[in-house]
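Each chain is listed here by its residues.
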Amino acid sequence: VEDGLSGRLDVAGNIRAGNVQLALATVGATLFHRAGDHVVLFSGKGAYGLKGTPGTWSDEPFRERLFEHLRYRMTLTEVWSVEGFVQHEYDRWRRLKLRALTGAGARFDHEVGDRGHVAIGLAYMVQWEQLLDAKPVDLQGVYIEHRLSSYLTGSLKLGDRAAVTLTCYVQPNLRKFTDIRGLVESSLNFSLTDRLGLRLTGWWAWDTAPPSTVRGYDISSTVGFAFAF
């Protein structure tokens, strides 16, 4: 990340008509600001989707999600840094009315040749979680949890116009280690111009103790465009 402000805007959509009627839009933004050894990162994502039968739309969206993450990182040495973060998430798909969390930890970075990079992070985080349509088995739908957040991310440049990134998060509950949340996310980026790129992303998220009526995993893939600045 260069000194100053930089970022990327991602947009994607899917519209179907005929035997299948569906409309889905996703948008995301990533902003970086660097001043020497200090980096601030903001990441936001949103998705909204409707489906129905030919000629009519459902009254309820099948996809409705909002996610924001703000992170501060300070470099200590060439390989070690410390970071802190806050995050908010809403996801109707997973009965998540509110998830707000904050945490802090350390990060290790390592360059692999001229084109590769690997980073490992470890942090403590505390989160407040509230569910939609709370049921008795949901303990009134309000949780305060303490988790260990660990991640491994790697990136590799494929020539001058392409790059691949893979990230894996594992977040066990510190009071119940069988309660684990995780995420594996990959992206393949092709630069069409110096500013415009084609972006293929896919992710698999899992939760060993999901809310009632919610499955313990989600899988998604998206093809869209990214604009860098």
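Residues numbered from 1 in each chain as written. Predicted model: local features only at pLDDT ≥ 70, side-chain atom pairs only at ≥ 80, totals over all residues. Heavy atoms only, no water.

## What about the overall build of the protein chain?
Point 1. Looking only at helices and strands, one finds zero helices and twelve strands in the protein chain.
Point 2. For the protein chain, the N- to C-terminal ordering of α and β elements is β-β-β-β-β-β-β-β-β-β-β-β.
Point 3. In terms of overall dimensions, the protein chain has a C-alpha envelope of 55 × 45 × 25 Å along the principal axes.
Point 4. Sorting the 229 residues of the protein chain into buried and exposed places 32% on the buried side. (Helix = DSSP H or I, 4+ residues; strand = E, 2+ residues; numbered from the N terminus. Buried < 20%, exposed > 50% of the residue type's maximum accessible area, 1.4 Å probe, protein only.)

## Observations regarding the environment of L132
Point 1. Mapped onto the secondary structure, L132 falls in the loop between strand 7 (116–131) and strand 8 (142–158).
Point 2. Separated by 16 residues in the primary sequence, L132 and L148 place their C-alpha atoms 25 Å from one another.

## A look at the pairing of strand 11 (residues 196–207)
Point 1. With eleven bridges connecting them, strand 10 (residues 176–191) and strand 11 associate as antiparallel partners. In the strand pairing of strand 11, L188 is matched with L200.
Point 2. Connecting strand 10 to the antiparallel partner strand 11 that follows it, the hairpin turn spans four residues.
Point 3. Two elements, strand 11 and strand 12 (residues 217–228), share eleven bridges in a ladder whose sense is antiparallel. Looking across to strand 12, one finds that T201 is bridged to T222. (Pairing = 2+ DSSP bridges.)

## Considerations on the environment of L22
Point 1. Position of L22 among the secondary structure elements: in strand 2 (residues 21–35).
Point 2. Sequence separation between L22 and S58 is 36 residues; the distance between their C-alpha atoms is 9.8 Å.
Point 3. Not counting residues up to four positions away in its chain, the partners in contact with L22 are N14, I15, R16, L50, K51, W57 and F62. (Contact = heavy atoms within 4.5 Å.)

## A short note on the pattern of salt bridges
Point 1. One pass over the full model with this rule turns up 21 salt bridges.
Point 2. Here E185 ties to K45 by a salt bridge, and the two come within 3.4 Å at their closest N and O atoms. Pair noted here: E185 is in strand 10 and K45 is in strand 3 (residues 38–52), with a separation of 140 residues, a long-range link.
Point 3. Among the ionic pairs, R107 bridges to D109, the shortest N-O distance being 3.0 Å.
Point 4. One salt-bridge network, held together by shared partners, links R63, R65, E89, D91, R94, R99, E129, E145, R147, D179, R181 and D207. (Salt bridge = Lys/Arg side-chain N within 4 Å of Asp/Glu carboxyl O.)

## Brief notes about the confidence of the model for the protein chain
Point 1. Averaged over every residue, the pLDDT of the protein chain is 91; the share at 70 or more is 97%.
Point 2. Within the protein chain, the element-level pLDDT minimum falls on strand 12, averaging 88, and the maximum on strand 5 (residues 80–91), averaging 97. (pLDDT = per-residue confidence, 0-100.)

## Some remarks on the side chain of R65
Point 1. Looking at the element boundaries, R65 is found in strand 4 (residues 63–75).
Point 2. Of the polar contacts made by the side chain of R65, one reaches the side chain of E89; its length is 3.2 Å.
Point 3. If sequence neighbours within four positions are ignored, R65 has contacts with K45, G46, A47, E89, Y90, D91 and R94. (Polar contact = N/O pair within 3.5 Å; in protein donor to acceptor, adjacent residues only side chain to side chain.)

## Considering the pairing of strand 1 (residues 4–16)
Point 1. Bridging between strand 1 and strand 2 involves 13 bridges; their strand directions are antiparallel. Residue pairing for strand 2: L9 is matched across the bridge by A29.
Point 2. Where strand 1 meets strand 12, four bridges bridge the pair, whose relative direction is antiparallel. Looking at the pairing, L9 lines up with F227 of strand 12.

## Observations regarding unusual backbone geometry
Point 1. One non-glycine residue, R95, lies in the positive phi region at around 60 degrees.
Point 2. In this structure, R95 sits in the loop between strand 5 and strand 6 (96–112).
Point 3. The phi dihedral of T213 is positive, around 70 degrees, even though this residue is not glycine.
Point 4. By the secondary structure assignment, T213 is in the loop between strand 11 and strand 12.
Point 5. On the basis of relative accessibility, which here comes to 67%, the residue T213 falls in the exposed class.

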